[in-house]
Structures are given as structure tokens and as C-alpha cells.
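Spelled out, the chains give:
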Amino acid sequence: MARRIDVTGTGGVRLAAWEFGDPPKTDPAGSDPARDVPDGSPGVLLLHGLMGRASHWASTARWLSGRYRAVALDQRGHGRSDKPPQASFTRDAYVDDAEAALEQLGLAPVVLIGHAMGALTAWQLAAKRPDLVRGLVICDMRASALGAASQREWDQWFQSWPLPFATLADVRKWFGEDDPWVERPNPARGEFYAEVMAESPDGWRPVFDPEQMLRSRETWVLDAHWEELAQVRCPALVVRGLDGELGRAEAQEMVRVLPRGQYAEVADAGHLVHYDQPEAWRAAIEPFLDSLGSD
């Protein structure tokens, strides 16, 4: 089951939010279907990374739905949300969108779970609105500046994609095996990218605009984000894949900077931790989520 709820982000951008668990119990007042929520269940908002989409969180959301009202958001420019050509793709726009979604969905005080770019959005929102956030999970996102060279590499990488792909099997093979950025075959990576492709008249193309992705990325790669980490008041868990993009030393420094930081790592996982090793991902975050019950 997938239940879509439309919310309005900053600047009027329409955003698609998704529930992947069992249908929630009906609000007795019946006044707002977006606020139908299982009795007494705390809220969780799941934020995907750059080029991701809400459905990448489907298995996590289904597991969480037994105890929480878990909602995954297609962020602006991604998934089924709007992709206006002239829209803002700044950090403020992404953070304000997440804030608006929390308020319109009635999820606060919420646990924010973010991957990569979504994790940065999550901790920036937690720093900005501590009243809305009671817990934070940061999955494989660096706090240090990545630099202009990184942005140039991403631009070149996008240009290397052999678009359009003739079939979804070609998508899976290229991203899972043939992509120069793949060190060894990774079927989960192929599946991840197959999920962000849509069929067009000439073949399979991404549901996002690569130029918008670069515009989104350039608003964070040149800056470090340690100051916002230090402003997060709620308990926070930093999770890294053993072979991911966030190194152990930086992850542990992030934990030190966070006022209430904790650390976990997942073996045999790369950057796509929750997609590579879903069971180990669950085992890594479940004790932290359990601890929030008495916080």
C-alpha cells in the first residue's frame, strides 16, 4: 500500500509525501485526511538523498509503521514532486519544505531520518526548529566541505550517462557494473537507480533534471556544516556504511560535535546503507529509536 498526500512547500512548490505502511486509523474529527494518524503514534519523516525518491524508503517506512506514523517525502525536483524550471534549490528551500511538510502533516515532534543530502536537510531543520524535532538519524552525510573539484566531477559524471537507456535491465547493469564510479559489481546500486528512471518515447531517462541536481548540490559542497551540527539539541545518531562516503574519523568527529550524538556503522554497506543492507540498517537504528521512547 502506498498512500500519497500532497503538501505545499516554500514558494508554492507541490510536494508528494508518501505512507507505505498499513492505512492509518481515521481522525475522529474527519476534518483533515493528512492528519489521520494511528492513536498516540509518534511521527517519523524520511528524507532521501540527491537523486533519490521517497520510495527508496519503502521498506524502512513499512517496518516503522508498526510503531510510528512514518512518512517519506519526495523533495523538490525529485520523485513525484514538482520540478519547476525556475524554482529555488537552495539549502533554505529544502529545509523550509521539510518544515512545511511537518506542520501540514501534523508529525511534530518528529524523528527525522535522512540519507546524504536528506540528512543535511534534517540536521539543518533540527538546528533551526528544535521544537519540531525529538530525534535525528544522519545516514552517510559528511559535514565537511567537499570543494569545487567535487562539483566538476559530478558534472562530468552526469554527462557520462549513456542516455537514454534502452531497457531497465540496461539501467541496472550500467549503474551496478559499468559505471566508472563502481569499484565492484553492486546490484543494489543498479536497483536504486532503476527506481529513479521513467520510460519516455526514446527510452528510459531519470525522473529528475540533472541540471537541477547540480544546482541543488552546489549549495552545500563549498561549505562546511559543523556549526549547524553543534546547534542540534535532540539525540542524534550518525550512521555510516563501512564502505560509504563518510569516513570513520569524520563520523566520530560529528558525534563529538553533536551535543547528544551517538555512532553506528553498518558492515558490507556503501553509501546506500539502507538499500545495501536493510536488515543491518534496521539493527543499527532500532536501539536508538527505542531509546527515544523514554527521552
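What counts as what
The written sequence of each chain sets the order in which its residues are numbered from 1. With the structure being a predicted model, the display of local features is reserved for residues of pLDDT at least 70 and the display and counting of side-chain atom pairs for 80 or more, all residues being used for whole-chain, interface and lining totals. The side-chain figures draw on all heavy atoms in the structure; neither hydrogens nor water molecules are used. Here, two cysteine sulfur atoms that lie within 2.5 Å of each other are counted as a disulfide. Confidence of the prediction at every residue is given by pLDDT, a number between 0 and 100. In what follows, residue pairs with any heavy atoms lying within 4.5 Å of each other are defined as contacts. Only when DSSP finds a minimum of two bridges between them are two strands counted as paired. Starting at the N terminus, helices and strands are each numbered in turn, a helix being any DSSP run of H or I of at least four residues and a strand any DSSP run of E of at least two. To obtain each axis, a line is fitted to C-alpha atoms, and for helices this fit is confined to the stretch in contact; angles are then taken between N-to-C directions over 0 to 180 degrees. By the criterion applied in these results, polar contacts are pairs of N or O atoms within 3.5 Å in which, for protein atoms, one can donate a hydrogen and the other can accept it, and in which residues neighboring in sequence qualify only through two side-chain atoms. Throughout, the term roughly parallel applies to angles under 35 degrees, roughly antiparallel to angles over 145, roughly perpendicular to angles from 65 to 115, and oblique to all others. Here the term charged refers only to Asp, Glu, Lys and Arg, the term nonpolar to Ala, Val, Leu, Ile, Met, Phe, Trp, Tyr, Cys and Pro, and the term polar to all other amino acids, Gly among them. For this analysis, a ring pair means two rings from Phe, Tyr or Trp (six-membered ring only for Trp) whose centres lie within 6.5 Å, classed as stacked if their planes differ by under 30 degrees, edge-to-face if by over 60, and tilted for the remaining angles. A simple rule labels every residue: compare its accessible area, found with a 1.4 Å probe on the protein chains alone, to the largest value its type can have, and call it buried under 20%, exposed over 50%, or partly exposed in between.

Before going further, it helps to examine the state of the cysteines. Here, disulfide denotes a covalent bond that connects the sulfur atoms of two cysteines. One pass over the full model with this rule turns up zero disulfides. With no disulfide of its own, Cys-234 has Cys-139 as its nearest cysteine by sulfur position, at a separation of 16 Å.

Turning our eyes to something else, we now look at the confidence of the model for the chain. Overall, the predicted model of the chain reaches an average pLDDT of 93, with 93% of residues at or above 70. For the stretch residues 26-38, pLDDT sits under 50, and the model shows 24 contacts to residues farther than four places along the chain or on other chains.

The strand order across the open sheet built from eight strands is β1-β2-β4-β3-β5-β6-β9-β10, with neighbouring strands paired in mixed fashion. Looking at which strands have only one partner, the edges of the open sheet turn out to be β1 (3-8) and β10 (261-266). Taken over all neighbouring pairs, the strand axes of this sheet differ in orientation by 25° on average, direction set aside. Here strand β2 (residues 14-19) runs beside strand β4 (residues 69-74); their pairing, made up of three bridges, is antiparallel. When the sheet's bridge partners are listed, Ala-17 is paired in β4 with Leu-73. Across the sheet, helix α2 (residues 91-105) touches β1, β2, β3 (43-47), β4 and β5 (110-115), and the angle it forms with β1 is around 115°. Seen against the sheet, helix α11 (residues 278-292) touches β5, β6 (133-139), β9 (236-241) and β10 and runs at an angle of roughly 160° to β6.

What follows covers the side chain of His-225. Its place among the elements puts His-225 in the loop between α7 (210-218) and α8 (226-230). Only 3.1 Å separates the side chain of His-225 from the backbone oxygen of Trp-220, close enough to count as a polar contact. Those residues in contact with His-225 that lie beyond four places of it in its chain are Leu-120, Trp-123, Gln-124, Ala-143 and Trp-220.

What follows is about the packing of helix α4 (residues 148-160) against α7. Interhelical geometry of α4 versus α7 gives an angle of 170° and a closest axis separation of 11 Å. When the axis of α4 is compared with that of α7, the two are roughly antiparallel. Together, Ser-150, Gln-151, Trp-154, Asp-155 and Phe-158 of α4 and Pro-210, Met-213, Leu-214, Arg-217 and Glu-218 of α7 make up the contact between the two elements. Class assignment for the residues of the contact of α4 with α7 results in five nonpolar, two polar and three charged.

Turning to the environment of Val-266, a few remarks are in order. For Val-266, the location among the structural elements is in strand β10. The contacts of Val-266, once residues within four sequence positions are left out, are Val-239, Arg-240, Gly-241, Leu-242, Val-273, Gln-277, Ala-280, Trp-281 and Ala-284.

Under the defined criterion, the tally for this structure stands at 20 aromatic pairs. Between the aromatic rings of Trp-157 and Trp-161, the centroid separation amounts to 5.2 Å while the plane-to-plane angle is 80°, which identifies the pairing as edge-to-face. Each member of the pair, Trp-157 as well as Trp-161, is classed as buried. Among the aromatic residues, those joined into a cluster by ring pairs are Trp-154, Trp-157, Phe-158, Trp-161, Phe-165, Trp-174, Phe-175, Trp-181, Phe-192, Tyr-193, Phe-208 and Tyr-275.

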